[in-house]
Amino acid sequence: MCYSDGNWNCRQSDMCSSFWHDRWEQNKIAFHQKEVNQAFSRYWHLVNLPPRSTVLVPLCGKSYDMIWLRDQGHRVIGIEFSPIAAKDFFDENGLSPTVTHHRTFECWTADDITLFIGDFFALESADTKSVDGVYDRAALIALPPTMRKDYVTHIDAIVPPHAPTLLITFEYPQHEMEGPPFSVMQSEVQQLYENRHTITELVSKDVLNDNPRFRDKGLSSLREVAYHLAPT
Ligand SMILES: C[S@@+](CC[C@H](N)C(=O)[O-])C[C@H]1O[C@@H](n2cnc3c(N)ncnc32)[C@H](O)[C@@H]1O
């Protein structure tokens, strides 16, 4: 079983897929933000991609940030387990996707946005060879400690080496709450990314009052931290 049982030792994403499918089926998606993430819209320009660049959004859910990226003139590739997320995303944004099949994936496409529905770890470099940049909000921190290294290794394997990343994490005392979302401290971001990136912290903001559900679960502090990861 997966971390739905408080077992943080799972190593395989298929062990976690039922957890996430259940979350979507039961509409327990408090991670979804109805507005564009503020740190993202404020700092994305530092990633410095020209219009028509392709941005990979791993573990994308139905994030409205993908519409914002599209509105900046970017092409977007999202990857997400849940077809409910894909359907909601296109419906809620008034888009009519075409659906095709590619290996194990369904690919929903409309208006310069393609969502691959399936397992992120099944993506291959041929699927993402056009990617110029990565936006990670609530993807790394959705994964238990045992899977985070594999996640970064897989990103490194499939994303062209010139691609920068905007990464947004949460930091909180991990013993006060079980993830997901997990707390990923700056030291771990360093360990995971420093081999291939120059890491710059852009902002660290106290967001506990904006997230009363976490305060109710007993968190004494919660910070949202944004990083620019520039390839070296
Ligand atoms: C915490 S949510 C964040 C969603 C989105 N990034 C956002 O900011 O709203 C994590 C999402 O990743 C998806 N997910 C988790 N593991 C995955 C995997 N291995 N492959 C594809 N999607 C995955 C889940 O279904 C869930 O929608």
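Notes on the structure follow. For every chain, the first residue of its written sequence is number 1, and the numbers climb from 1 along that sequence. Given that the model is predicted, a residue must reach a pLDDT of at least 70 before its local features are reported, and side-chain atom pairs must reach 80 or more before they are shown or counted; all residues, however, enter totals for whole chains, interfaces and linings.

## Description of the overall build of the protein
Part 1: Helix and strand assignments follow DSSP, with helices taken as H or I runs no shorter than four residues and strands as E runs no shorter than two, numbered in order from the N terminus. Of regular secondary structure, the protein possesses seven helices and nine strands.
Part 2: The globule rule is 2.2 Å times the number of residues to the power 0.38, and the radius of gyration it is compared with is taken over C-alpha atoms. By the compact-globule yardstick of 17 Å for 232 residues, the protein fits well, its C-alpha radius of gyration being 17 Å.
Part 3: Principal axes of the C-alpha set define a box for the protein whose edges measure 45 × 40 × 30 Å.
Part 4: With C-beta atoms placed from the backbone, a residue is buried if 20 or more other C-beta atoms are within 10 Å of its own, exposed if 12 or fewer are, and partly exposed between those counts. Scored against the burial criterion, the 232 residues of the protein give a buried share of 36%.
Part 5: In this description, any two residues whose backbone-derived C-beta atoms lie within 7 Å of each other are considered to be in contact. Residue pairs at least 24 apart in sequence account for 68% of intrachain contacts in the protein once pairs closer than 6 positions are excluded.

## As for the sheet that holds strand 5 (residues 113-117)
Part 1: If DSSP finds at least two bridges between two strands, the strands pair. With mixed pairing, nine strands are arranged side by side in an open sheet as 3-4-5-2-1-6-7-9-8. Each end of this open sheet is capped by a strand with a single partner; those strands are strand 3 (98-102) and strand 8 (197-206). Across the sheet, the mean angle from the axis of one strand to that of its neighbour is 20°, orientation sign disregarded.
Part 2: Pairing analysis gives five bridges linking strand 4 (residues 105-110) to strand 5, with the strands arranged antiparallel. Paired with W108 across the strands is L115, a residue of strand 5.
Part 3: The sheet contacts of helix 6 (residues 186-193) involve strand 7 (165-171), strand 8 and strand 9 (223-231), and relative to strand 8 the element is tilted by about 160°. Whenever a helix is involved, its axis is fitted only over the stretch in contact; in every case the axis is a line through C-alpha atoms, and angles between N-to-C directions fall within 0 to 180 degrees.

## Comments concerning helix 4 (residues 83-92)
Part 1: Listed in full, the buried residues belonging to helix 4 are A85, A86, F89 and F90. Looking straight down helix 4, one finds that the buried residues subtend no more than 120° of arc, so they occupy a single side. Across from the buried face of helix 4, at angles greater than 90 degrees, the exposed residues are D91 and E92.
Part 2: Immediately beyond the C-terminal end of helix 4, within one or two residues, lies G94, with a positive phi of roughly 65°. The arc in question is the one traced by the directions running from the helix axis out to the C-beta atoms.

## Some details on the pairing of strand 2 (residues 75-80)
Part 1: Buried residues dominate strand 2, accounting for five of its six residues.
Part 2: Two strands pair when backbone bridges link them, and strand 1 (residues 54-58) and strand 2 are joined in this way by five bridges, in the parallel orientation. Bridge pairing in strand 2 places V55 opposite V76.

## Examining the nonpolar core
Part 1: Note on terminology: a nonpolar core is a set of buried residues of type Ala, Val, Leu, Ile, Met, Phe, Trp, Tyr or Cys, with members joined through C-beta atoms within 7 Å. By size, the foremost hydrophobic cluster in this structure holds 59 residues, and its most contacted members are L115 and V134.
Part 2: In terms of residue count, the dominant contributor to this core is helix 5 (residues 145-158) (five residues).

## Digging into unusual backbone geometry
Part 1: With an omega of -5°, the peptide bond running from G179 to P180 counts as cis.
Part 2: Within the fold, P180 resides in the loop between strand 7 and helix 6.
Part 3: The backbone of R52 sits at a positive phi, close to 75°, despite the residue not being glycine.
Part 4: Residue placement: R52 occurs in the loop between helix 2 (38-43) and strand 1.
Part 5: Not every positive phi belongs to a glycine, and D111 is a case in point at roughly 55°.

## A short note on helix 6
Part 1: Turning to helix 6, its buried residues number three or more, namely V189, L192 and Y193. Projected onto a plane normal to the axis of helix 6, the buried residues spread over an arc of 75° and lie on a single side. Those residues of helix 6 that are exposed and angled more than 90 degrees off the buried face are S187 and Q190.
Part 2: Elements in contact with the buried residues of helix 6: helix 5, strand 7, strand 8 and strand 9.

## Notes on the environment of E201
Part 1: Position of E201 among the secondary structure elements: in strand 8.
Part 2: Between the alpha carbons of E201 and L167 there is a distance of 9.4 Å; along the sequence they are 34 residues apart.
Part 3: With residues near it in sequence (within four places) discarded, E201 still touches Q186, V225 and Y227.

## Some details on the environment of R196
Part 1: When you line up the elements, R196 lands in the loop between helix 6 and strand 8.
Part 2: Judged by local crowding, R196 falls into the partly exposed class, with 14 C-beta atoms found within 10 Å.
Part 3: For the pair R196 and P145, spaced 51 residues apart in sequence, the C-alpha separation works out to 20 Å.
Part 4: Residue contacts for R196: discarding those within four places in its chain leaves D156, P231 and T232.

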